[in-house]
Amino acid sequence: MRMKNDPHALYGVFALAGCALLAWGLTVSVAPASARAQASGAANEFYDSHFHLTNYVQQGITPREFLQIMGTRVGRSTLFGIPLQQQWSYANSGDFAPTYYLHSDAPLYYYSFTDAYIASVYRALAPAEQARFDPMITGFNPADMYGADHVRRVLKTFPGVFTGIGEFSIHKEFVSAKVSGETASLTNPALDRVLAFAAEAGLVVILHSDIDMPFAKADAEPVYLTQMKALLKRHPKAAIIWAHVGLGRIVHPVQVSAEAAERSPNHMEIVDAMLLDPALRHLNFDISWDEVAKYAVSSPEAIGRVAAMLNKYPDRFLFGTDTVAPAGAAPYFAVFDMWEPVWKRLTPETSLKVRKGNYVRLFDEARRNVRAWEKANVKDTPR
Ligand SMILES: [Zn+2]
């Protein structure tokens, strides 16, 4: 279903002038991270900025099982469920119990109990284990003007637990249209209330919103880009991570034909312009999801261009796996290892920031800010 090995698509993807050769030169003296780890058993390779403990039917693994998987390779991780629950509609799938949104035509609905669940399993951990996790609030409806009130209520009910909100979705291929009730929108004031509260409380935000519609035509401005930029600019005080650089399984990187290249930017140029925009200094991107990794490592040209982009903006990208309740270490680490060709081409400074440093900066600042908000706004905050 995805645009597998479509060189034309990938040409457009990361069509920033690459400095692959330069980066290659740097790799001579710097062993790639996972090679180092394999050779020496070295620890603490990355922090996971995008991790789902539970799936679309609220099943998953326990934090202790996840700690087993993390072992010594992963120092810290976000911790969240999925705010949407796939209904098991007997009328639709009979005895077949769907566990993924593509398994059923029945709708998805917001399952707010996920936040209480995440808080309870986090609280059951020892302090040293808790220190490795940043739990996130997801169980709110971003199309509901009361959505922000849910977030506030979760902080007040479970003070000392949460670092941020998300991953939550506005535009997501196959998913948005299945959510029961009003369809979410980047222009909905309900979303503005959520982001305004995130800024007030200091919560870091992980937002999934596809930059474009599925099967978009080449040479066309991505349909949701203008709305996304306007939304981000309305909330300059919120620390926002745009998940997956705006991409999806079939929402592929923006393509531009050779003829249109002078007037239409491709995906890398769009990202580059946003990173240069002083009004978007609060914007970061995560490079999570194996679907994103597939685009990035699809050809030597793509690898060079992605590495050049990360080296140009080392402070603005975070690695995450976007794994969902992984069954073991193999599927979990597979995503990190897919990036190996890119890790090899990063400067040591960039590599460290994308794998860990930017996580520490954003999530530690959010932790401090949210604890301060709780201290000022929640009575009897446990210390
Ligand atoms: Zn995700």
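The model shown is predicted, which means the values in this text are computed figures rather than measured ones. (Residues numbered from 1 in each chain as written. Predicted model: local features only at pLDDT ≥ 70, side-chain atom pairs only at ≥ 80, totals over all residues. Heavy atoms only, no water.)

Remarks on the pattern of salt bridges
Under the definition given, this model contains 14 salt bridges. Two residues, Arg73 and Asp337, come together in a salt bridge whose shortest N-O distance is 3.1 Å. Of the two residues, Arg73 is situated in the loop between α4 (63-70) and β3 (74-79) and Asp337 in helix α14 (residues 329-338); the sequence distance between them amounts to 264 residues. The partly exposed category is assigned to Asp337, whose relative accessible area is 28%. As a salt-bridge pair, Arg371 and Glu374 come within 2.8 Å of each other at their nearest N and O atoms. You can see Arg371 and its partner Glu374 sitting in helix α16 (residues 348-377), 3 residues apart, about one turn around the helix. The same class applies to Arg371 as to Glu374, namely buried. (Salt bridge = Lys/Arg side-chain N within 4 Å of Asp/Glu carboxyl O. Helix = DSSP H or I, 4+ residues; strand = E, 2+ residues; numbered from the N terminus. Buried < 20%, exposed > 50% of the residue type's maximum accessible area, 1.4 Å probe, protein only.)

Some thoughts on the packing of aromatic side chains
Taken as a whole, this structure holds 23 aromatic pairs when the rule is applied. Residues Phe336 and Trp343 carry aromatic rings whose centres are separated by 5.2 Å and whose planes lie at 35° to one another, so their mutual orientation is tilted. Cluster of aromatic residues (ring-pair linked, three or more members): Phe46, Phe51, Phe66, Phe133, Phe319, Tyr332, Phe333, Phe336, Trp339 and Trp343. One cation-aromatic arrangement involves Arg76 over Tyr47; the distance from NZ or CZ to the ring centre is 5.8 Å. In this arrangement the basic side chain of Lys172 is found over the ring face of Trp289, its NZ or CZ atom lying 5.0 Å from the centre. (Phe/Tyr/Trp six-rings, centres within 6.5 Å; stacked < 30°, edge-to-face > 60°. Lys NZ or Arg CZ within 6 Å of the ring centre and 35° of its normal.)

Remarks on the sheet that holds strand β6 (residues 133-137)
Sheet strands pair via backbone hydrogen bonds, and the direction of the pair is either parallel or antiparallel. The 8 strands are arranged β1-β3-β6-β7-β8-β9-β10-β11 in an open sheet whose pairing can be described as parallel. Because the sheet does not close on itself, it has two edges, and the strands there are β1 (46-48) and β11 (317-318). Pairing geometry for strand β8 (residues 204-208) and strand β9 (residues 240-242), over 3 bridges, is parallel. Within β9, the residue paired with Ile206 across the bridge is Ile241. Sheet strands in contact with α4 are β3 and β6, and its direction is about 145° off that of β3. Running over the sheet, helix α10 (residues 225-234) touches β8, β9 and β10 (283-286) and is turned about 165° from β9. (Pairing = 2+ DSSP bridges. Contact = heavy atoms within 4.5 Å. Axes fitted to C-alpha atoms, helices over the stretch in contact; angles between N-to-C directions.)

Regarding the pairing of β8
Counted residue by residue, β8 has 5 buried out of 5 residues, so it is predominantly covered. For the segment spanning strand β7 (residues 164-169), helix α9 (residues 189-201) and β8, crossover handedness is right-handed. (Right-handed = clockwise from strand over helix to strand, strands pointing away.)

So, the confidence of the model for the chain
Looking at the chain, the pLDDT average stands at 87 and 86% of residues meet or exceed 70. Of the regions scoring below 50 in pLDDT, residues 1-42 engages in 71 contacts with residues more than four places distant in sequence or in other chains. (pLDDT = per-residue confidence, 0-100.)

Considerations on the coordination of the zinc ion
At the metal site, the zinc ion is ligated by His50 (NE2), His52 (NE2), Glu167 (OE) and Asp322 (OD), and these contacts range over 2.1 to 2.2 Å. Its 4 donor atoms give the zinc ion angles of 88 to 178° at the centre, a pattern that matches the irregular case. Here the donor residues of the zinc ion are spaced in sequence according to H-x1-H-x114-E-x154-D. In this pair, Glu167 is assigned in strand β7 and Asp322 in the loop between β11 and β12 (323-324), connecting sequence segments 155 residues apart. (Donors = N, O, S within 2.8 Å, 3.2 Å for Na, K, Ca; no water. Tetrahedral: all angles 85-135°; square planar, octahedral: opposite > 155°, others 65-115°.)

What about α14?
Listed in full, the buried residues belonging to α14 are Tyr332, Phe333, Val335 and Phe336. All buried residues of α14 project into a common sector of 140° when viewed along the axis, lining one side. (Arc of directions from axis to C-beta.)

With respect to the nonpolar core
Across soluble globular proteins, nonpolar side chains have a tendency to be buried as a group. Of all hydrophobic cores here, the largest spans 84 residues; its most connected members are Phe66, Ile165, Phe317 and Trp339. For this core, the element with the highest residue contribution is α9, accounting for 6 residues. Met136, Ile241, Tyr359 and Phe363 belong to the second-largest nonpolar core, a separate cluster that totals 12 residues. (Core = buried A, V, L, I, M, F, W, Y, C linked by side-chain atoms within 4.5 Å.)

Section: the side chain of His50
In this fold, His50 is placed in the loop between β1 and β2 (51-52). What makes His50 buried here is its relative accessible area of 0%. Only 3.4 Å separates the side chain of His50 from the side chain of His52, close enough to count as a polar contact. If we ignore the near neighbours within four places in the chain, the residues touching His50 are Thr78, Phe80, Glu167, Ile206, Ala243, His244, Asp286, Ser288, Gly320, Thr321, Asp322 and Thr323. (Polar contact = N/O pair within 3.5 Å; in protein donor to acceptor, adjacent residues only side chain to side chain.)

Observations concerning the packing of α9 against α16
Two elements in contact, α9 and α16, have axes separated by 8 Å at closest approach and are oriented at 90°. The pairing of α9 with α16 is recorded here as roughly perpendicular in orientation. Contacts between α9 and α16 involve Phe197, Glu200 and Ala201 on the former and, on the latter, Asn369, Val370 and Trp373. Residues of the contact of α9 with α16, tallied by class, amount to 4 nonpolar, 1 polar and 1 charged. (Parallel < 35°, antiparallel > 145°, perpendicular 65-115°, else oblique. Nonpolar A, V, L, I, M, F, W, Y, C, P; charged D, E, K, R; others polar.)

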